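Residue-level structural notes
Given next are the chains, with one letter for each unit.
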Amino acid sequence: MPSEGIIITVYLCTWLTVLGAVWGSFADCAVSRWAAGERMFAGRSRCAACGHILSALDLIPVFSWLFRRGRCRYCGEKIPADCLAAELAGALGFLILGLTVPLPALGQWIIWWALLLALSLADWARRIIPNPLLLALLINRIVWFFVQKEKFQEFLNIFMSCLVPAALLALVLLAERLLGREVMGGGDIKLLFVLSFYLDWANMLLLLLVSCIFGILWSVPAGWKRGTAVPFGPFLAAGAVVTVCFGNPVIQWYVGLF
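Calculation rules
- Residues numbered from 1 in each chain as written.
- Predicted model: local features only at pLDDT ≥ 70, side-chain atom pairs only at ≥ 80, totals over all residues.
- Heavy atoms only, no water.
- Helix = DSSP H or I, 4+ residues; strand = E, 2+ residues; numbered from the N terminus.
- Rg over C-alpha atoms; globule rule 2.2 N^0.38 Å.
- Buried < 20%, exposed > 50% of the residue type's maximum accessible area, 1.4 Å probe, protein only.
- Areas by Shrake-Rupley, 256 points an atom, 1.4 Å probe, with all protein chains shown as cover.
- Axes fitted to C-alpha atoms, helices over the stretch in contact; angles between N-to-C directions.
- Parallel < 35°, antiparallel > 145°, perpendicular 65-115°, else oblique.
- Left-handed = near helix turned anticlockwise from the far one by under 90°.
- Contact = heavy atoms within 4.5 Å.
- Polar contact = N/O pair within 3.5 Å; in protein donor to acceptor, adjacent residues only side chain to side chain.
- Expected span 1.5 Å × (residues − 1).
- Core = buried A, V, L, I, M, F, W, Y, C linked by side-chain atoms within 4.5 Å.
- Phe/Tyr/Trp six-rings, centres within 6.5 Å; stacked < 30°, edge-to-face > 60°.
- Lys NZ or Arg CZ within 6 Å of the ring centre and 35° of its normal.

1. Topic: the overall build of the chain
The secondary structure content of the chain amounts to nine helices and zero strands. The order of α-helices and β-strands along the chain, N terminus first, is α-α-α-α-α-α-α-α-α. In terms of overall dimensions, the chain is globule-like: its C-alpha atoms have a radius of gyration of 20 Å, near the 18 Å expected for 258 residues. Along the three orthogonal principal directions, the C-alpha set of the chain runs to about 60 × 60 × 35 Å. Per-residue burial for the chain yields a buried fraction of 38% across its 258 residues. Summed over its atoms, the accessible surface of the chain is roughly 15,500 Å², and 70% of this surface lies on carbon and sulfur atoms.

What follows is the structure in structure tokens.
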């Protein structure tokens, strides 16, 4: 029979996956309204094409989109795939964190990913990383810093981590001065500074590498041309969750090569 630990892990990860999908659906709806200039939490969900109010069966994360083959059952118009992507991202992020992050620190990282997902959707929709979400990320870190009673040494680690986005900012400003155009959005830099409160300097470097790889892998099939404005926030978020869950083993493997 499975051990008690395995049963608890399966139970926890199952509910985290469901919660993540629900959050992804909610965040996508809120951000879509925000991007359209509407009130985010006004009224029930409606079809963007025909305006019909959606029932509970239309709002089951992931499954409703798949069963309806990505179309509204009232008017037949296509439902944006962004909704499915947000639900899957929420579910996958919560699941991976549940499998790799121990309690009680898991609470911090679940809130962290929920905010990062909303931030990514906002950046993708309007090329803007909202300051309130960045502030919420920072507050989450501060609260859990004291809840978990972390040592004073952590302040030094945060300072060292902040040197990574600071150095990147200096390089970006130099490149923009030489090229005469924007190289990297200010919101991306601010996001990196906030993430440096969560990760040590080595993981910050890995985060930048992973994020750039994700951006390149996406831009090639997407057909983005040189000079196209790229919302880098989603790739930073994806790189961040991969780094949090798998960064330390990768770094230890790399250091062991020398």
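There's more to say after this.
2. Quick look at the packing of helix α3 (residues 81-100) against helix α4 (residues 106-126)
Close contact between α3 and α4 brings their axes to 10 Å; oriented N to C, the two are set at 160 degrees. Considering the angle they form, α3 stands roughly antiparallel to α4. Here the hand of the crossing between α3 and α4 comes out right-handed. Between α3 and α4, the residues in contact are Asp82, Ala86, Ala89, Gly90, Gly93, Phe94, Leu97 and Gly98 and Leu106, Trp109, Ile110, Trp113, Ala114, Leu117, Leu121 and Trp124, respectively.

3. Considerations on the side chain of Arg141
Mapped onto the fold, Arg141 is located in helix α5 (residues 131-147). Its relative accessible area of 4% is what places Arg141 among the buried residues. At 2.6 Å, the side chain of Arg141 and the backbone oxygen of Phe197 are in polar contact.

4. Digging into helix α1 (residues 4-35)
An ideal rise of 1.5 Å per residue puts 46 Å on 32 residues; α1 measures up with 46 Å between its terminal C-alpha atoms. Listed in full, the buried residues belonging to α1 are Cys13, Leu16, Gly20, Ala21, Gly24, Ser25, Ala27, Asp28, Ala30, Val31 and Arg33. Where α1 is buried, its residues touch α3 and α4. Looking one or two residues past α1, Gly37 carries a phi angle of roughly 80 degrees, positive in sign.

5. Here's the deal with the nonpolar core
Burial of nonpolar side chains together is a common tendency in soluble globular proteins. In terms of nonpolar packing, the biggest core is built from 47 residues, with Leu97, Trp109, Trp112, Leu116, Leu137 and Leu191 touching the most fellow members. For this core, the elements supplying multiple residues, two or more each, are α1, α3, α4, α5, α6 (153-179), α7 (186-195), α8 (201-222) and α9 (233-255). For this core, the element with the most residues is α4, which contributes 13 residues. Once residues lying within four places of it in the same chain are set aside, the contact partners of Leu116 are Leu137, Leu191, Leu195, Ala237 and Ala240.

6. With respect to the packing of aromatic side chains
For the coordinates displayed, the defined rule picks out eleven aromatic pairs. Residues Tyr254 and Phe258 carry aromatic rings whose centres are separated by 5.2 Å and whose planes lie at 70 degrees to one another, so their mutual orientation is edge-to-face. Phe258 gets classed as exposed once you look at its relative accessible area, which sits at 75%. Put simply, the rings of Trp124, Trp218, Phe232 and Phe235 pair up and form one aromatic cluster. Over the ring of Tyr198 we find Arg141; its NZ or CZ atom is 5.9 Å from the centre of that ring.

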